[in-house]
Amino acid sequence: MEKSLGKIVDANGLLLDEQVLEQLAFNEKMAELGKLSTGLVHELNSPLSVIVSAAQMILREEQLPDFVKEMVERIGMEAQRLSLFTRSLLSFARSDAGVDSEADVNLVLQEVMDFLRYEARKDSIMVIEEKDFDLPPIAADANKLKQVFINLIMNAFQSMEDGGTLLLKTYAVDGPFVAVELADTGKGIPVGAIDHIFEPFFTTKAANEGTGLGLYITRHIIERLGGKIQVQSVVNEGTTFTLLFPLP
């Protein structure tokens, strides 16, 4: 390859933007990290299962001092929490769903929040969930939906630096569609930026805090499913994303 005025020319003579190449290199690095993480999660699950089982056996013993019982119960609860987290991570890492698969949006949201619950607590964010559990499944790859929800929820968390509230709501609308609403009380999106947030590489974040591809990929996934994404935002009040997924 040869460089030319901020561009890189590949073997076929095509001009490749350096920013695109940097993002491709980053994606490759993250893919390798994902493979390593999957192996690490499998290694963690075995000792976590032993810890949970051991805690349960100890609690069966009679005449345990109260402080010992309380400590062992806490150990068991924390081990179960970590086990749930690792299962959520493995579920997100899998890519074996077919194009004809179905997904329950409520279940997918639950798995995502199991994965991100620590982030919410760490940032003093209250998550309110209002779900219609009578919704039918939609024709979608659950892992693609997880990617969409994680992108949007993490954006919401980052917009609420001093804490706040995130509402996750599911309901049916005429069409027929399944709707998923994510409403935060963050800093909002500037008026001049809201028309550009779905453009590739556009970001309002600091240089090292985002690639500008999250919302672009999110819209791309939703539209490939035949759905729509809508956004409303008021500066210093918050942002609401509404996702509409058509029923089969």
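What you see is a predicted model, and the numbers here were worked out from it, not measured in a lab.

On to the side chain of D141. Here D141 is to be found in the loop between β6 (138–139) and α4 (142–159). Within the buried set, D141 has no salt-bridge partner at all; the shortest N-O distance to an opposite charge, 5.8 Å, is to K144. A polar contact is formed between the side chain of D141 and the backbone nitrogen of N143, at a distance of 2.9 Å.

Glancing now at helix α3 (residues 105–122). The end-to-end C-alpha distance of α3 is 25 Å, a good match for the 26 Å that 18 residues give at a rise of 1.5 Å each. Along α3, the largest kink reaches about 55 degrees and is centred on L116. Buried within α3 are the following residues: V105, N106, V108, L109, V112, M113, F115, L116 and A120. Of the residues flanking the start of α3, the one acting as N-cap is D104, its side-chain oxygen 2.9 Å from the backbone nitrogen of N106.

What follows deals with unusual backbone geometry. Excluding glycine, residues mostly carry a negative phi; peptide bonds, for their part, are mostly trans. Following G175, the chain continues to P176 via a peptide bond in cis, the omega torsion being -5 degrees. On the secondary structure map, P176 appears in the loop between β7 (164–173) and β8 (177–184). We note that S124 has phi near 55 degrees; this positive angle belongs to a residue other than glycine. Note that S124 resides in the loop between α3 and β5 (125–130).

A few words on the sheet that holds strand β9 (residues 228–234). Reading across the sheet, the 5 strands line up as β5-β7-β8-β10-β9 and stay open at both edges, with mixed pairing between neighbours. At either margin of the open sheet sits one strand with a lone partner, and together these are β5 and β9. When the angles between neighbouring strand axes are averaged without regard to direction, this sheet yields 15 degrees. As paired strands, β7 and β8 are joined by 8 bridges and run antiparallel to one another. Along β8, the bridge assignment pairs T170 with V180. Running over the sheet, α3 touches β5, β7 and β8 and is turned about 170 degrees from β5.

With that settled, consider the pairing of β7. With 6 bridges connecting them, β5 and β7 associate as parallel partners. Across the sheet, E130 pairs through a bridge with K169, a residue of β7. Taken together, β7 and the strand that follows it, β8, pair antiparallel across an intervening segment of 3 residues, in which G175 is found at a positive phi of about 155 degrees.

This part covers the packing of α3 against α4. Running from amino to carboxyl end, α3 crosses α4 at an angle of 40 degrees, the nearest separation of the two axes being 9 Å. It follows from the interaxial angle that α3 and α4 lie oblique. Judged by the twist between their axes, the crossing of α3 over α4 is right-handed. Residue-level inspection shows V105, V108, L109, E111, V112, M113, F115, L116, E119 and A120 of α3 in contact with α4, the latter providing A142, L145, K146, F149, I150, I153, M154 and F157. Of the residues belonging to the contact of α3 with α4, the class tally is 15 nonpolar, no polar and 3 charged.

For the rest of this paragraph, the subject is the confidence of the model for the protein chain. Chain-level pLDDT for the protein chain is 80 on average; 73% of the residues reach the 70-or-more range. Confidence over residues 1–13 falls short of pLDDT 50; this stretch has 22 contacts with residues more than four positions distant or in other chains.

Moving on, we get to the packing of aromatic side chains. Applying the stated criterion across every chain, the model contains 0 aromatic pairs. Lying over the aromatic face of Y171, K169 brings its terminal NZ or CZ to 5.5 Å of the ring centre.

Rules behind the numbers
- Residue positions are given per chain, counting from 1 as you read along its sequence in written order.
- Residue-level local features of this predicted model are given only where pLDDT is at least 70; pairs of side-chain atoms are given and counted only at 80 or more, and the full residue set underlies all totals for whole chains, interfaces and linings.
- Only hydrogens and water are set aside when side-chain values are computed; all heavy atoms of the structure are taken into account.
- Secondary structure elements follow DSSP: runs of H or I of four or more residues count as helices, runs of E of two or more count as strands, with numbering from the N terminus.
- Three exposure classes are used, based on accessible area relative to the maximum for each residue type with a 1.4 Å probe and protein chains only: buried under 20%, partly exposed in between, and exposed over 50%.
- Charge convention: Lys and Arg are scored as positive, Asp and Glu as negative, and His as well as the terminal groups of each chain are ignored.
- The term salt bridge refers to a pairing of a side-chain nitrogen on Lys or Arg with a carboxyl oxygen on Asp or Glu at a separation within 4 Å.
- Polar contact is the term for a pair of N or O atoms within 3.5 Å; when the atoms are in protein, one must be able to donate a hydrogen and the other to accept it, and sequence-neighboring residues count only if both atoms are side-chain atoms.
- Here, expected helix span is obtained from the residue count minus one, scaled by 1.5 Å.
- Two axes are fitted around each residue, one to the seven residues ending there and one to the seven starting there, and the angle between them is reported as the bend at that residue.
- At least two DSSP bridges between two strands are needed for those strands to be called paired.
- Whenever a helix is involved, its axis is fitted only over the stretch in contact; in every case the axis is a line through C-alpha atoms, and angles between N-to-C directions fall within 0 to 180 degrees.
- Throughout, a contact is declared for two residues whenever any of their heavy atoms are within 4.5 Å.
- Any angle that is under 35 degrees is reported as roughly parallel, and any over 145 degrees as roughly antiparallel; angles of 65 to 115 degrees are reported as roughly perpendicular and all others as oblique.
- Should the near helix be turned anticlockwise from the far one by less than a right angle, the crossing is termed left-handed; should it be turned clockwise, right-handed.
- Note that Gly is not counted as nonpolar here; it falls among the polar residues with everything else outside the nonpolar set of Ala, Val, Leu, Ile, Met, Phe, Trp, Tyr, Cys and Pro and the charged set of Asp, Glu, Lys and Arg.
- Confidence of the predictor in every single residue is expressed as pLDDT, which spans 0 to 100.
- Pairing of aromatic rings covers Phe, Tyr and Trp, the last through its six-membered ring, and needs centres within 6.5 Å; plane angles under 30 degrees mean stacked, over 60 mean edge-to-face, and all others mean tilted.
- In this scheme, the term charge over a ring applies when either NZ of a lysine or CZ of an arginine sits within 6 Å of the ring centre and within 35 degrees of the ring normal.

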